[in-house]
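# Structural overview
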Amino acid sequence: MLVSKLFPLTCMALLLGVSSCKDEVQIREKKFTVPSTYSFDNVDYSGQIARLDQLDEMVSYIETAIKAKDQIESEVLMEMFSNANENGGGNFSFSSSKQLSDKCFGPHVQKVEAYFDQIELISTSQNEAVNGVAGFSENTSGSIRLYDENGVELSEMIEKTIMGAVFYYQATAVYLDNDKMNVDNETVVEGQGTAMQHHWDEAYGYLGVSNDFPASTESLRFWGKYCDRRNDLLSSNASLSEAFRMGRAAIDNKEYDLRDAAIVEVRKNWEKGCVATIIHHLNEAVDNLGDDHTRNHVLSEAYVFIESLFYNPDKIISNNELDEVLTKIGANFYEVSAQDLQSARDQLSTIYEMDNIKSAL
Amino acid sequence: MSIKAIPFAIIAAVFMQASIGCKDNNPGEPVGSPFAREDMLKEMAENVIMPSYSKLLSDVQQLEADFEMFKSSPNQQEFIAVRTSFIAAYVSWQSCSPFEVGPAAEESLRLMLNTFPLDTSQLKANMESGSYDLFSAQNSDAKGFPALDFLLFRNDSLEQFTQEKALLYFEQNLDLISEKLNTVISKWNDGYDQEFASNSGTSVGSSLGLMVNELNFDFELLKNAKVAIPLGLKTLGVAQPELVEAVYSDKSKELLLANLIGIKNLFIGAEGQGIDDYLDNLDAKYGNENLSQAIINRFDNCETKISALNSSLKSEIENNPSAVEALHTELQNLVVLLKTDMPSQLGVQITYQDNDGD
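Conventions and cut-offs
Residues numbered from 1 in each chain as written. Chains lettered and ligands numbered in written order. Predicted model: local features only at pLDDT ≥ 70, side-chain atom pairs only at ≥ 80, totals over all residues. Core = buried A, V, L, I, M, F, W, Y, C linked by C-beta atoms within 7 Å. Buried ≥ 20, exposed ≤ 12 C-beta atoms within 10 Å, placed from the backbone. Helix = DSSP H or I, 4+ residues; strand = E, 2+ residues; numbered from the N terminus. Contact = placed C-beta atoms within 7 Å. Expected span 1.5 Å × (residues − 1). Bend = angle between axes of the 7 residues up to and from the residue. Nonpolar A, V, L, I, M, F, W, Y, C, P; charged D, E, K, R; others polar. pLDDT = per-residue confidence, 0-100.

### Focus on the nonpolar core
Formed by 95 residues in total, the largest nonpolar core has its most connected members in Ile278(A) and Ala302(A). The leading source of residues in this core is helix H6 (residues 154-175) of chain A, at 14 residues. Ignoring sequence-local partners within four residues, the contact set of Ala302(A) consists of Ile278(A), His281(A), Leu282(A) and Ala285(A). Core analysis: the next-biggest nonpolar cluster, separate from the first, contains 83 residues, Val212(B), Leu215(B), Leu260(B) and Ile263(B) among them.

Listed below in structure tokens is the structure:
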């Protein structure tokens, strides 16, 4: 679907060229060959890979502890989040100068750190999780999860808040924003391209896909994984990938109107992928309404992804609507009703014009 | 600047004559009648830079004297004296902040003296352990004026300030400020003043080029770090009032105003020749008016907006954000002229870049 939206832009660029001379048309035609994968010169987003790796290992630390019903230490998570001593205080299997905390949306750093304290606190109890009591929940197939007294799964809140407040925020609100886009596009640093190219690539790096995406959907991570899961109904892989490739090609050719159009497309399609994921999880919650173990898990995901919508500077939903949707779900996941969840879902699908696919998601 | 209008016209006329028949004009130089850039630089150093450093030095010396008094008789009266002279020095620093060229750049004066927001946990850990190196990377945001601001104003009791560890940390930071400042001033007096005036081209690395870059860099720090970030303009509208400069003494408005006036003063060259005169010499226009006047008008608009704020920038951000937004709009209006129109008229390139090293 994005293919069809960007196509006219490509044509417009070609038409502009027609007015001057034949050679220029040819040059422009060449310029606007957008590669089918992210195969550009001087692409480097190793800093983003390092941060994806860091979150991977934080999640793995939490999940391993929960599986064993071991205590989770806030201090360990703090060291990993702020990458103490370049290896997360010895908790990372690798060394890097990058941090998650210093790229986290500033006003929400404390919120993430409070989750660390909270998960430590509830992980020390050996209680069984029920409404009003934080503890572990184990289902018949042996899955073990850790919920707070309201059924909120802190491990999901930590992982997805960082996905939102670092990856999504940095990509859509920081690297694609004026301060990082109105920069030098002349001086090429070997391996990194110009400052503008590099910033664009850094935004791409936070998507968690390889340069071969979408031809290959191997080794997708975080947002890339969720984007792929909604691909059947949204064609989200093609839309997001094309928007990123279009923007990088436009930068390479110094066509800034097209770059700006691509920024709009990246933000819009990333957001749509997030909304489709939320609707999917809300549907799952309704389908599993009587199953505390599953419902609390998918509602936690839905809730934190709704919160994440906030980080996109071009978000379609207003702050008030965002609060309304969260209020419909409510703070206690044991006490939700199918009607409230459907109402939350319907409000989102209306705002995002997804009514036709809302049940299938 | 008007005071100097007549002598300036004479100088310009003399040089116009001198240039007739001179064929070896540098093709990279901006058009317009030749102008004694060297004289302008000399006057900027004499009338703006050195007096600002001297004022800061005497205020820092006063602070040192008051601090010594406090140590010998740690009472409320002396405590207030230390606080008062600290504020005076911090205000004086604001006019020096734009001159990060030559010695100040070598000493990283701005980073050393005024990196904020302060990392209070780092500062507390340092104070507690008593073993730290203020020059190490991890202490880059745990020192200088922001550290003094914290130690003096974190609460209203002088008891905490009188603790041995706090006094020691205060003294070492005061020493750091004093040492760095003295180094910078002696380098200026030991020959950099000559070098500054004689490096009178417009290319990258020339004194004018460096000055215009640093003036802009400092102005963008003012606009972003002191206003836009606490106001929430970099965080999707979520305000972070606790990130204002001097959050403990709550003197951010006063400092902001002093910083703006300092930058303007550099532009107009105080009572002597400044960049404004040079722009006039180049006949630089903005619409129908002189670019210099357009810039001065916008400086004045910013000043009016700052003055209209209530005494605490932090509380204005919390309770009256539209007034701070109006200020930010004026700052935006000025940055366009300072960063685009002025450098292009001067033939100077803006070379600094926002780089977070990623």
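Once you've had a look at it, read on.
### Looking at unusual backbone geometry
The linkage connecting Phe213(A) with the following residue, Pro214(A), adopts the cis geometry, with an omega of 5 degrees. By secondary structure assignment, the location of Pro214(A) is in the loop between helix H8 (195-205) and helix H9 (222-229). Between Phe116(B) and Pro117(B) the backbone carries a cis peptide bond, its omega angle lying at 0 degrees. Of note, Pro117(B) is situated in the loop between helix H5 (109-113) and helix H6 (120-129). At Lys254(A), a residue that is not glycine, the phi angle is positive and equals roughly 55 degrees. Turning to its location among the elements, Lys254(A) is positioned in the loop between helix H11 (236-252) and helix H12 (256-287). On the basis of neighbour count, Lys254(A) is assigned to the partly exposed category, with 13 C-beta atoms found within 10 Å.

### Thoughts on helix H15 (residues 321-346) of chain B
For an α-helix, the turn length of 3.6 residues means that residues three or four places apart are oriented alike. All names here are of chain B. Taking 1.5 Å of rise per residue, 26 residues should cover 38 Å, and H15 covers 36 Å from first to last C-alpha, within 8% of that figure. Maximum bend of H15: about 25 degrees, positioned at Leu338. Those residues of H15 not exposed but buried are Val324, Leu327, Leu331, Leu334, Leu338, Met342, Pro343, Gln345 and Leu346. Elements in contact with the buried residues of H15: helix H10 (207-231), helix H12 (275-281), helix H13 (291-307) and helix H14 (313-319). Immediately downstream of H15, the backbone of Gly347 shows phi near 75 degrees, a positive value.

### So, H6(A)
Along its length, H6(A) shows its largest kink, about 50 degrees, at Tyr169(A). With 22 of 22 residues buried, H6(A) is to be regarded as a mostly interior element.

### Considering the environment of Asn224(B)
All names here are of chain B. Structurally, Asn224 can be placed in helix H10. With 18 C-beta atoms packed within 10 Å, Asn224 lands in the partly exposed category. As for Asn224 and Lys124, which are separated by 100 residues in sequence, their C-alpha atoms are 27 Å apart.

### Observations concerning the interface of chain A and chain B
The interface of chain A with chain B comprises 13 residues on the first partner and seven residues on the second. Counted by class, the side of chain A that touches chain B contains eight nonpolar, two polar and three charged residues.

### Some words on the confidence of the model for chain A
When pLDDT is averaged along chain A, the result is 92, and 91% of the positions lie at 70 or above. This model gives residues 1-30 of chain A a pLDDT under 50, and the stretch forms 28 contacts once residues within four places in sequence are excluded.

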